Amino acid sequence: MSPQPLPSGQDEYRILREADLRDYLAQLPAIARQLGGAPTTWSIGEVGDGNLNLVFIVRGRDGSIAVKQALPYVRLVGESWPLPLSRSHFERLALTHQARLAPGLVPAVLHHDETLALIAMQFLEPHIIMRKGLVAGTTYPRFVDDITTFLARTLFFSSDLAVPAAEKKEGIAAFAGNHALCKITEDLIFTDPYRVAEQNRWTSSWLDATAARFREDLDLHVAVSRLKLKFMASPEALIHGDLHTGSIMVTERETRVIDPEFAFYGPMGFDIGAVIANLLMAYLASAGHERSPGERQAFEEWVLGTVESVWTEFACKFVELWRTEGKGDAYPVTLFAGAEGAARLEAERQAYMAQLFQDTVGFAAAKIIRRILGLAHNIDFELIEDPKRRAVCEARSLRLARGMMVDAAKFPTIGSITKTAQALRDWQPDFAG
Ligand code: SR1
Ligand code: MG
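Residues numbered from 1 in each chain as written. Chains lettered and ligands numbered in written order. Predicted model: local features only at pLDDT ≥ 70, side-chain atom pairs only at ≥ 80, totals over all residues. Heavy atoms only, no water.

1. Focus on the packing of aromatic side chains
Turning to step 1, where the next piece is worked out: Summed over the entire model, instances satisfying the criterion amount to 19 aromatic pairs.
Turning to step 2, where the next piece is worked out: Where Tyr331 meets Phe336, the ring centres are 6.2 Å apart and the plane angle is 40°; that geometry is what we call tilted.
Turning to step 3, where the next piece is worked out: An aromatic cluster of three or more residues is present, and its members are Phe156, Phe157, Trp311, Phe314, Phe318, Trp322, Tyr331, Phe336, Tyr352 and Phe357. (Phe/Tyr/Trp six-rings, centres within 6.5 Å; stacked < 30°, edge-to-face > 60°.)

2. So, the packing of helix α5 (residues 143-156) against helix α10 (residues 268-289)
In a pair of packed helices, the angle between the axes and the distance between the axes together describe the arrangement.
Turning to step 1, where the next piece is worked out: Where α5 meets α10, the closest approach of the two axes is 10 Å, and the angle between their N-to-C directions is 165°. Between α5 and α10, the crossing angle belongs to the class labelled roughly antiparallel. Read as a crossing pair, α5 and α10 show a hand that is right-handed. In this structure, α5 uses Phe143, Ile147, Leu151 and Leu155 to contact α10, whose residues at the interface are Met268, Asp271, Ile272, Val275 and Leu279.
Turning to step 2, where the next piece is worked out: For the contact of α5 with α10, the class distribution of residues is eight nonpolar, no polar and one charged. (Axes fitted to C-alpha atoms, helices over the stretch in contact; angles between N-to-C directions. Helix = DSSP H or I, 4+ residues; strand = E, 2+ residues; numbered from the N terminus. Parallel < 35°, antiparallel > 145°, perpendicular 65-115°, else oblique. Left-handed = near helix turned anticlockwise from the far one by under 90°. Contact = heavy atoms within 4.5 Å. Nonpolar A, V, L, I, M, F, W, Y, C, P; charged D, E, K, R; others polar.)

3. A look at the pairing of strand β7 (residues 118-122)
Every other side chain in a regular strand lies on the same face of the sheet, so the side chains alternate between the two faces.
Turning to step 1, where the next piece is worked out: In terms of residue burial, β7 counts as a mostly covered element, since four of its five residues are buried.
Turning to step 2, where the next piece is worked out: As paired elements, strand β3 (residues 64-70) and β7 share five bridges and run antiparallel to each other. Its bridge partner being in β7, Ile65 is matched across the sheet by Gln122.
Turning to step 3, where the next piece is worked out: As paired strands, strand β6 (residues 109-113) and β7 are joined by four bridges and run antiparallel to one another. Pairing of His111 across the sheet is with Ala120, part of β7.
Turning to step 4, where the next piece is worked out: Connecting β6 to the next strand, β7, in antiparallel fashion are four residues, including Ala117 with a positive phi near 55°. (Buried < 20%, exposed > 50% of the residue type's maximum accessible area, 1.4 Å probe, protein only. Pairing = 2+ DSSP bridges.)

4. Focus on the sheet that holds strand β2 (residues 53-59)
Turning to step 1, where the next piece is worked out: Strand order across the open sheet formed by five strands is β1-β2-β3-β7-β6, with antiparallel pairing between neighbours. The open sheet has two edge strands, β1 (43-46) and β6, and neither has a second partner. Averaged over all adjacent pairs, the angle separating strand axes in this sheet is 20°, with direction ignored.
Turning to step 2, where the next piece is worked out: Strand direction decides the pairing type here: β1 and β2, joined by four bridges, are antiparallel. In the strand pairing of β2, Glu46 is matched with Phe56.
Turning to step 3, where the next piece is worked out: Of the strands in this sheet, β1, β2, β3, β6 and β7 touch helix α1 (residues 18-26), which is tilted by about 130° from β1.

5. Some words on helix α14 (residues 387-406)
Turning to step 1, where the next piece is worked out: For α14, spanning 20 residues, the distance from its first C-alpha to its last is 28 Å, which sits close to the expected 28 Å at 1.5 Å a residue.
Turning to step 2, where the next piece is worked out: Counting buried positions over the 20 residues of α14 gives 14, a clear majority of the element.
Turning to step 3, where the next piece is worked out: Its side-chain oxygen at 3.0 Å from the backbone nitrogen of Lys388, Asp386 defines the N-terminal cap of α14. (Expected span 1.5 Å × (residues − 1). Polar contact = N/O pair within 3.5 Å; in protein donor to acceptor, adjacent residues only side chain to side chain.)

6. So, unusual backbone geometry
Turning to step 1, where the next piece is worked out: Residue Pro126 is bonded to the preceding Glu125 through a cis peptide linkage, with omega at 10°.
Turning to step 2, where the next piece is worked out: Summarising the element assignment, Pro126 is placed in the loop between β7 and β8 (128-129).
Turning to step 3, where the next piece is worked out: With an omega dihedral of 5°, the bond running from Ser204 to Ser205 counts as a cis peptide bond.
Turning to step 4, where the next piece is worked out: Phi at Ala117 is positive, roughly 55°, even though this residue is not glycine.
Turning to step 5, where the next piece is worked out: Residue placement: Ala117 occurs in the loop between β6 and β7.
Turning to step 6, where the next piece is worked out: The buried category is assigned to Ala117, whose relative accessible area is 1%.
Turning to step 7, where the next piece is worked out: Unusually for a residue other than glycine, Asp259 sits at a positive phi of about 65°.

Here you go:
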């Protein structure tokens, strides 16, 4: 990826409109060649429906690309909430790392412009955003294998289990500047849903009493604050940082992880928990999308099976990488010589995975709660038009999440989570209290 000159007089950030983007891309020979035909024939549309950025699809005679431009503010809220453009730098850095660690599971970066905070990348077609597919009740047979490979490889190979201490610390330093994006997570996920915050919202009036209880629940406040500290102070690995089902594009045969602009060195369980939380929400929202009883039963069974497999297959792959590629400075091999040493190290691996599972459960719970009581919601619930029906699905999810967060000991296995989710599938909340 060689740096391309900007057209003269255009060396400052500006928000691109379709016409500006056409002129800009026309002067990038490799991109113009890939699109093919005359620039005037390219079709360009802004399609971004996320919370932060502009996303354009550019279609030419010979090919298509996606172009993402960071806005200097939070798109969801507006100019009153400024946000650094540097997140585009970190996103490109993360995409490049991930492409090396988990080949074929992220879109290829075709061009990056630091000044414009712009990334041109491979256009994924016919992939769709996974969350949309889940709302429609579609199942994805490749998903478990692909996402667990992505998680195991990106997390393991950026950790002290795999890399020398100096390399790991340089990695931490390279992403340390992404703190404004971390702050969004610290506030929106670990703090605001548990206090009065102007931007919080929920399905009112049905969830008013539940939201009030969450603001008074000190067991919950302790538990979420422990998780917040873990998020802030545990640079275990390079994490994606926003790995919900809106950051995953799928077909029946392929999976691609997109949008790592929240990437930094943080706790591994935050990424794994994000995947599991979003699957659990897809499951508990499913009843709200059902047009006749049982219509989505096969889909719901698939989702619960997928929750279980995400953890079990991730754990298998991660431990196997540790056994075969554990060349980092943690757990020096010289300290675990002989059969006895090998057995102790293997026991330690299992203990490590047990702790990682507990972290994952807690982070998954935090991810669920923020989507129901905080600022940014998701279409799994939002597309359930009848507010009472939506609130029922959300109340079930909150009940599951609260239990996962404060009663971690009651969830020693992934099966205990899916079993509880299944039991809550038809639970009727009493909105009066
Ligand atoms: C203000 S940004 C809200 C959310 O959008 C992103 O996708 C992240 O999930 C962030 O928390
Ligand atoms: Mg995103």
